[in-house]
Amino acid sequence: MFEKNPICKLLNIKYPIFQGGMAWIGTAELVSAVSNAGGLGIIGAGHMPPDILRAEIQKAKKWTDKPFGVNIMLMSPFVKEVMQVVVDERVAVVTTGAGNPAEYLPALKEVGTKVIPVVASVALAKRLVRSGVDAVIAEGTESGGHIGDITTMALVPQVVDAVDVPVIAAGGIGDSRGFAAAIALGASGIQMGTRFVVSEECIAHENYKNLVLKAKDRSTVVTGRSTGHPVRVIGNKMTREYSEMEARQASTEELEKFGAGRLNLATHKGDVENGSVMIGQISGMLDEIKPVSVIIENMVAGLVPVKDRVNDFLK
Ligand code: TUI
């Protein structure tokens, strides 16, 4: 299975399933579980200082002998230092988010790190492929956290048509139907964040996980459109206050100050009313916390019934 898959071959992994690199909760616990189960675990560096990231990488190396990655958020104040850490540590894969990583490519490629940026548009995908990235993750607006504005359904086939590297689909994928749909759109693999939040191994606070389990299809909202950095989160007291500030045209500086520290408040302290619960639109279909290995095995096994349904459809 997957012997010919370009992502599995490129990264030497069993299944073309990435765990989205989520800040604060994409820690060595989740990362090693995903990599040990045959996917690609990805540490979410978020706004992590470089010394903390180095410690997290070293923990992941202890807990898995399989490849894993680091996601670098390009808006981080520590972006230069954390890039140096992943180079020093010879991390197998770097994914990037929320920007254009072109200036960091030569240093990463020199040590053999595979670079797979997240893109939310065809234009950036084409530009980065010309710069020499190994693959791209096309992420639709269904995702949690920082998002673009095109849906996965519309974005993935357009990116697939535009580039000659493997494409990983992300955003709105939570079960085998989504996995199969991504393959149908031309993707070579998938990335999931939200599905892995409600896993046994994810260290997110139980209030955070319970809110995800309770979420319905329309529970998420997008804040920050006025700042140019839209973020999908579960609607709560914090988002209502934020929207009021946006409505009275609060400055970007004021909005950023209001948002500071909110993710940690939700993920670690469990204050899911005042904190930022970054989660994707598929949260409405999740109702169970499962071990990572079960999530991954079910994703793969579930492709067969979808294939059968397509075959029946064609009869
Ligand atoms: O990066 C993400 N999602 C994230 S990062 C994050 S950490 C954080 N964010 C806000 C506040 C506090 C912490 C939470 N979620 N996804 C990848 C992604 N990248 N989605 C969209 C993009 C993107 C958008 C525009 C990438 C590039 C881009 O344009 C860059 C350019 O130069 O054209």
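Residues numbered from 1 in each chain as written. Predicted model: local features only at pLDDT ≥ 70, side-chain atom pairs only at ≥ 80, totals over all residues. Heavy atoms only, no water.

Draft legend 1. Expanded view of the packing of helix H3 (residues 50-63) against helix H4 (residues 79-88). Across the interface, H3 lies against H4 with an axial gap of 9 Å and an inter-helix angle of 25°. As the angle between them shows, H3 and H4 are arranged roughly parallel. In this structure, H3 crosses over H4, and the sense of that crossing is right-handed. Along the contact surface, H3 presents Pro50, Leu53, Arg54 and Ile57, while H4 presents Glu81, Val82, Val85, Val86 and Asp88. (Axes fitted to C-alpha atoms, helices over the stretch in contact; angles between N-to-C directions. Helix = DSSP H or I, 4+ residues; strand = E, 2+ residues; numbered from the N terminus. Parallel < 35°, antiparallel > 145°, perpendicular 65-115°, else oblique. Left-handed = near helix turned anticlockwise from the far one by under 90°. Contact = heavy atoms within 4.5 Å.)

Draft legend 2. Quick look at the nonpolar core. Residues Ile17, Phe18, Leu53 and Tyr208 are the most contacted members of the largest nonpolar core, which totals 93 residues. Among the elements that take part in this core, H4 stands out by supplying 6 residues, more than any other. Residues lining this core come from more than one domain, with at least three contributed by each of domain 1 (6-201 + 291-314) and domain 2 (206-282). Those residues in contact with Phe18 that lie beyond four places of it in its chain are Ile7, Leu11, Ile13, Leu40, Ile42, Ile116, Ile137, Ile168, Ile190, Gln191, Met192 and Phe196. By size, the runner-up hydrophobic cluster in this structure holds 6 residues, among which are Met238, Tyr242, Met245 and Ala250. (Core = buried A, V, L, I, M, F, W, Y, C linked by side-chain atoms within 4.5 Å. Buried < 20%, exposed > 50% of the residue type's maximum accessible area, 1.4 Å probe, protein only. Domains from an automatic or database assignment.)

Draft legend 3. The side chain of Lys209, seen in detail. Positionally, Lys209 belongs in helix H10 (residues 206-214). The buried charged residue Lys209 lacks any salt bridge partner; its closest oppositely charged side chain belongs to Glu201, at an N-O distance of 7.4 Å. (Lys, Arg positive; Asp, Glu negative; His and termini not counted. Salt bridge = Lys/Arg side-chain N within 4 Å of Asp/Glu carboxyl O.)

Draft legend 4. Structural context of the sheet that holds strand E8 (residues 167-170). An order of E1-E9-E8-E6-E5-E4-E3-E2 is seen for the 8 strands of this open sheet, with the pairing classed as parallel. Among the strands making up the open sheet, the edge pair consists of strand E1 (17-19) and strand E2 (41-44). Neighbour to neighbour, the strand axes of the sheet diverge by 25° on average, direction disregarded. Packing of helix H7 (residues 152-162) onto the sheet brings it into contact with strand E5 (114-119), strand E6 (136-139) and E8, and relative to E6 it is tilted by some 150°. (Pairing = 2+ DSSP bridges.)

Draft legend 5. Seen up close, the domain arrangement of the protein. What the domain assignment lists for the protein is domain 1 (6-201 + 291-314) and domain 2 (206-282). Taken residue by residue, the interface counts 20 residues in domain 1 and 18 residues in domain 2. When domain 1 packs against domain 2, the two sides together hide about 1,600 Å² of surface, and 68% of this comes from carbon and sulfur. Summed over the shared surface of domain 1 and domain 2, the result is 7 residue pairs in polar contact (both at pLDDT 80 or more). Counting residues per element, the ones that place at least two in the side of domain 1 that touches domain 2 are strand E7 (145-146) and helix H9 (194-197). In terms of residue count, the dominant contributor to the side of domain 1 that touches domain 2 is H9 (3 residues). Grouping the amino acids of the side of domain 1 that touches domain 2 by side-chain chemistry returns 8 nonpolar, 9 polar and 3 charged. (Buried area = accessible area lost by both parts, 1.4 Å probe. Polar contact = N/O pair within 3.5 Å; in protein donor to acceptor, adjacent residues only side chain to side chain. Nonpolar A, V, L, I, M, F, W, Y, C, P; charged D, E, K, R; others polar.)

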